[in-house]
Amino acid sequence: MLARIVLTAILMAAAMVPEPAAAQSNYPTRPITLIVPFPAGGPTDIIARIVAQSLSQSLGQSVVVDNRAGGGGNPGIALVARATPDGYTLLLTSTAIAVNPALYASLPYDPLKDFVPISELVNAPNVLFVKPDSGINSIADLVAKAKAEPNKYNYASPGVGTKSHLTGELLKLRAGINITHIPYRGGGPATQALVAGTVHLGSVALAPVEPLIKSGTVKALAVTGATRWWSLPDVPNMVESGYPGFVSDTFNAMFAPAGTPPEIVALLVRETRAAMAKPEAQEAAKRAGYQIVAGPPEDLTKRVVTEIAGVKELVAKAGIKPQ
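Definitions and cut-offs
Residues numbered from 1 in each chain as written. Predicted model: local features only at pLDDT ≥ 70, side-chain atom pairs only at ≥ 80, totals over all residues. Heavy atoms only, no water. Helix = DSSP H or I, 4+ residues; strand = E, 2+ residues; numbered from the N terminus. Buried < 20%, exposed > 50% of the residue type's maximum accessible area, 1.4 Å probe, protein only. Contact = heavy atoms within 4.5 Å. Areas by Shrake-Rupley, 256 points an atom, 1.4 Å probe, with all protein chains shown as cover. Lys, Arg positive; Asp, Glu negative; His and termini not counted. Charge placed at Lys NZ, Arg CZ, Asp CG, Glu CD. Salt bridge = Lys/Arg side-chain N within 4 Å of Asp/Glu carboxyl O. Polar contact = N/O pair within 3.5 Å; in protein donor to acceptor, adjacent residues only side chain to side chain. Axes fitted to C-alpha atoms, helices over the stretch in contact; angles between N-to-C directions. Parallel < 35°, antiparallel > 145°, perpendicular 65-115°, else oblique. Left-handed = near helix turned anticlockwise from the far one by under 90°. Nonpolar A, V, L, I, M, F, W, Y, C, P; charged D, E, K, R; others polar. Phe/Tyr/Trp six-rings, centres within 6.5 Å; stacked < 30°, edge-to-face > 60°. Lys NZ or Arg CZ within 6 Å of the ring centre and 35° of its normal.

A tally of regular secondary structure across the protein gives twelve helices and ten strands. Dimensions along the principal axes, computed over C-alpha positions, put the protein at roughly 95 × 40 × 30 Å. Buried residues in the protein amount to 48% of all 323 residues. For the protein, contacts bridging at least 24 residues in sequence account for 77% of all contacts bridging at least 6. Just so you have it, the protein exposes about 14700 Å², and 58% of that area is on carbon and sulfur atoms. Looking at charge distribution, the protein has the averaged site of its 27 positive side-chain charges lying 4 Å from that of its 23 negative ones.

Right under this line is the structure:
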């Protein structure tokens, strides 16, 4: 009798112990929500919809993009940090996840502890540009003029704390010049201010400005990626312009909440990278002004760690006050 009771207890206990691999073998069994902490129609949203469509096909379940804009991306990012780590709520965010720790006095999430990296999907450079009749034809020209007439020149960005703003501040520090930052509410208004002659220099993401560069409406001085941009072969990057190591690009990457089962993470890593390797995804990303990275999760972790440290140093040197 005692042996039967013990055996029954063992069997009941065994039935209650989760079997991770078996329990997750059918994942996903319902739609997946992909949180984008920025407005619909923006650059990050465009990438999210490319990924969502491809993953929906490969996983056999709908991947629904849920835009949670506002607060510099922090509320949307925090929503995923607090989500149940079961693979059904994921985050697709921009460089904000690595920039915001330097820009906000406190955050409702820890970018390194609250998330599991999936993949850096894409990245894109910023571009520094002027009016064609400005008399400035290179970064060297700009720096010479700014040094000759201190405090005369200014530059437009899509807003305080954006990567384009930080690009301008990095230029000021590296070149030893003083040009005034004029923040606008988005890359479009910043670009229009430059075209209208309200500001001397523009610093925004490359994609929306590229048609204006090709039409001759504005003149690109340099892109800020690690290499020249594929469709603007005559525009140098900042390294070629005399500033070693000057790379200031924007990435978009996917994360899962910390605690997500490893087998689900592994599946998401594999399928997400494969999704971005599809020709249609690559073509769509190119049209949006991005280049495909689709790197492994360990590379994304290194990228975030490096970015956090670099931005914190830049913010401190530039005297940008955390909000």
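Now that the structure has been shown, we can carry on.
By the definition in use, this model includes 13 salt bridges. Its salt-bridge partner being D45, residue R49 comes within 2.9 Å of it at the nearest N-O pair. With R49 and D45 both in helix 3 (residues 43-59), this residue pair falls four residues apart, about one helical turn. A residue is classified by how much of its surface remains accessible, and R49, at 39% relative accessible area, is partly exposed. R303 serves as the salt-bridge partner of D249, at 2.5 Å between the closest nitrogen and oxygen. One end of the pair, D249, is in strand 9 (residues 249-257); the other, R303, is in helix 12 (residues 297-318), with 54 residues separating them in the sequence. Looking at D249, the relative accessible area reads 10%, which means it is buried. When salt bridges with common partners are traced through the structure, they connect E120, K163, D249, R303 and E307 into a single cluster.

Along the polypeptide, S157 turns up in strand 5 (residues 154-157). In terms of polar contacts, S157 uses its side chain to reach the side chain of H181, at 2.6 Å. Apart from the residues within four sequence positions on either side, S157 is in contact with T162, S164, H165, H181, I182, P183, Y184, G186, A190 and S203.

A separate point is the packing of helix 7 (residues 163-175) against helix 12. Put simply, helix 7 and helix 12 touch, their axes get as near as 10 Å, and they point 60° apart. By the angle between their directions, the pair helix 7 and helix 12 is classed as oblique. Of the two elements, helix 7 crosses helix 12, and the hand of that crossing is left-handed. Taking contact as the criterion, the partners of K163, L166, E169, L170 and L173 in helix 7 are, on helix 12, E307, V311, L314, V315, K317 and A318.

Bringing the packing of helix 10 (residues 262-277) against helix 11 (residues 279-287) into the picture now. Packing of helix 10 against helix 11 brings their axes to within 5 Å, and their N-to-C directions diverge by 70°. By the angle between their directions, the pair helix 10 and helix 11 is classed as roughly perpendicular. Along its contact with helix 10, which presents A275, M276 and A277, the element helix 11 presents P279, A281 and Q282. For the contact of helix 10 with helix 11, a count of residues per class yields five nonpolar, one polar and no charged.

Okay, the packing of aromatic side chains next. The way to describe two aromatic rings as a pair is by their centre distance and the angle between their planes. Inspection of every chain in the model, using the stated rule, returns five aromatic pairs. Both rings, one in Y27 and one in Y88, keep their centres 5.1 Å apart while their planes meet at 70°; by these two values the pair is edge-to-face. Pair noted here: Y27 is in the loop between helix 2 (20-23) and strand 1 (32-36) and Y88 is in the loop between helix 4 (74-81) and strand 3 (89-94), with a separation of 61 residues, a long-range link. Here Y27 matches Y88 in class, with each residue buried. Both rings, one in Y109 and one in F115, keep their centres 6.2 Å apart while their planes meet at 70°; by these two values the pair is edge-to-face. Of the two residues, Y109 and F115, neither departs from the other in class, the shared state being buried. Ring pairs connect the aromatic residues Y109, F115 and F255, which therefore count as one cluster. In this structure, R30 is placed above the aromatic ring of Y88, and the distance from its NZ or CZ to the ring centre is 3.7 Å.

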